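Descriptive structure summary
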Amino acid sequence: MSIASRLSEIRSSLPEGVRLVAVSKFHPAEAVSEAYAAGQRLFGESRVQEMVAKYEILPKDIEWHMIGHLQTNKVRAIAPFVSLIQSLDSARLAECIDREAARCGRTIDCLLEIHVAREQTKSGWDYDELKAFVNGGGFSALHNIRIRGVMGMATNTDDEAVVRADFERLAACKAELAPTFGEWFDTLSMGMSEDYRMAVECGSDMVRIGSSIFGAREY
Ligand SMILES: *Cc1c(COP(=O)(O)O)cnc(C)c1O
């Protein structure tokens, strides 16, 4: 099946209002071009160098989302053009993005990545630490980032009850944080190739799908 037909199949399975981020990490720019030709404009990458390389050669109306763990020393390279940093997971990173955004004269949209999965390895904010930072006014001095919502990943398991509980937890975190951040806090990014249908049932309005569009990745 072509990238275009996989995309249209996925799009037709998504309710209105759910945005699709095509996760192109580890796939060549040609694959992104194919998806672009099929109308896709939101793309997710997990590595800075790869995102910058693709940004430079591909059409400028693509919206690039950073979805992988972001080191502070790499923020500068994407600050001029990134459209959404989904993987904001520490106070230090928030302060760094704010600084680099100011340097470019921009405000950068970000999602708070929250750790809910059972695996130790999955990145994201510990929710209690995040709340402490939020309640301490940690974001109020950061005028060049705009917190748009929450991102997370469910536990990698066949046990649907566990996956559902993770998604419900993320939805609850978003609801609890919403009053603090106000009207711009409108995004709940959750769901990947294997679990996006359930994520949407649990309230996701942004799914991040890679292998179901582009095929298996070769790392
Ligand atoms: C790789 C990745 C995805 C996409 O995963 P697929 O299983 O290929 O759909 C989604 N979100 C994040 C954070 C990722 O790193």
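Residues numbered from 1 in each chain as written. Predicted model: local features only at pLDDT ≥ 70, side-chain atom pairs only at ≥ 80, totals over all residues. Heavy atoms only, no water.

Remarks on the overall build of the protein chain
We count it as follows: Numbering goes from the N terminus for both helices and strands, where a helix is a DSSP run of H or I of at least four residues and a strand is a run of E of at least two. Both definitions apply: the radius of gyration is a C-alpha atom measure, and the globule rule equals 2.2 Å times residues to the power 0.38. The contact definition used throughout considers only heavy atoms, calling two residues in contact when any of these lie within 4.5 Å. Note on areas: these come from Shrake-Rupley sampling with a 1.4 Å probe, and a residue is covered only by the protein chains present in the view. Note on charges: Lys and Arg go in the positive column, Asp and Glu in the negative column, and His and the chain ends are not counted at all. Where a charge lies is defined by one atom per residue type, namely NZ (Lys), CZ (Arg), CG (Asp) and CD (Glu).
Summing up its helical and strand segments, the protein chain has nine helices and eight strands in all. Rg of the C-alpha trace for the protein chain: 17 Å, near the compact-globule value of 17 Å for 219 residues, within the 12% margin. Projecting the C-alpha coordinates of the protein chain onto the three principal axes gives extents of approximately 50 × 45 × 30 Å. Put simply, 59% of the contacts in the protein chain that link residues at least 6 apart link residues at least 24 apart. About 10,400 Å² of surface is accessible on the protein chain, with carbon and sulfur atoms providing 47% of the total. The averaged location of the 32 negative side-chain charges in the protein chain is 4 Å from the averaged location of its 25 positive side-chain charges.

Let's talk about the packing of aromatic side chains
The condition that has to hold: Only the six-membered ring of Trp is used, alongside the rings of Phe and Tyr, when aromatic pairs are assigned; centres must lie within 6.5 Å, and planes under 30 degrees apart are stacked while those over 60 apart are edge-to-face, with the rest tilted. Type-normalised accessible area, obtained with a 1.4 Å probe on protein chains alone, sets the label of each residue: buried when under 20%, exposed when over 50%, and partly exposed for intermediate values. Only lysine NZ and arginine CZ atoms are considered, and such an atom sits over a ring when it is within 6 Å of the ring centre and within 35 degrees of the ring normal.
Tallied over the full model, the rule gives seven aromatic pairs. Between the aromatic rings of Trp125 and Phe139, the centroid separation amounts to 6.2 Å while the plane-to-plane angle is 55°, which identifies the pairing as tilted. With Trp125 in the loop between strand 5 (108-113) and helix 6 (127-135) and Phe139 in the loop between helix 6 and strand 6 (145-151), this residue pair connects regions lying 14 residues apart in the sequence. Classification of Trp125 by relative accessible area gives buried; the value is 4%. In this structure Phe139 comes out as buried when scored by relative accessible area, which is 10%. Arranged with centres 5.1 Å apart and planes meeting at 15°, the rings of Phe181 and Phe185 form a pair that is stacked. Under the relative-accessibility criterion, Phe185 is labelled buried at 5%. An aromatic cluster is present here, built from Trp125, Phe133, Phe139, Phe181 and Phe185 joined pairwise through their rings. Here the guanidinium or amino end of Lys60 rests over the ring plane of Tyr55, the centre of that ring lying 4.7 Å away.

Examining the nonpolar core
Let me state the cut-off plainly: Residue types Ala, Val, Leu, Ile, Met, Phe, Trp, Tyr and Cys, when buried and joined through side-chain atoms within 4.5 Å, form a set referred to as a nonpolar core.
Of all hydrophobic cores here, the largest spans 67 residues; its most connected members are Ile78, Leu88, Ile97, Leu112, Phe139 and Leu177. Looking at this core, the element that brings in the most residues is helix 7 (residues 160-181), giving six residues. Beyond its immediate sequence surroundings of up to four residues, Leu88 is in contact with Leu93, Ala94, Ile97, Cys110, Leu111, Leu112, Glu113, Trp125, Phe139, Ile145 and Ile147. Counting six residues, the second-largest nonpolar core is a separate cluster that includes Val21, Leu42, Met151 and Met206.

Side note on the environment of Trp125
In sequence terms Trp125 and His115 are ten residues apart; their C-alpha atoms lie 5.3 Å from each other. Each residue touching Trp125, except ones within four places of it in the same chain, is listed here: Leu88, Asp89, Ser90, Ala91, Leu112, Glu113, Ile114, His115, Leu130, Phe133 and Phe139.

Some remarks on the pattern of salt bridges
Rules: Think of a salt bridge as a Lys or Arg side-chain nitrogen and an Asp or Glu carboxyl oxygen that are within 4 Å of each other.
Under the definition given, this model contains eleven salt bridges. As a salt-bridge pair, Glu100 and Arg103 come within 3.7 Å of each other at their nearest N and O atoms. With a gap of three residues between them, Glu100 and Arg103 both fall in helix 5 (residues 91-103), about one helical turn apart. Looking at Arg103, the relative accessible area reads 57%, which means it is exposed. Taken together, the shared-partner salt bridges in this structure form one network comprising Glu45, Arg47, Glu50 and Lys54.

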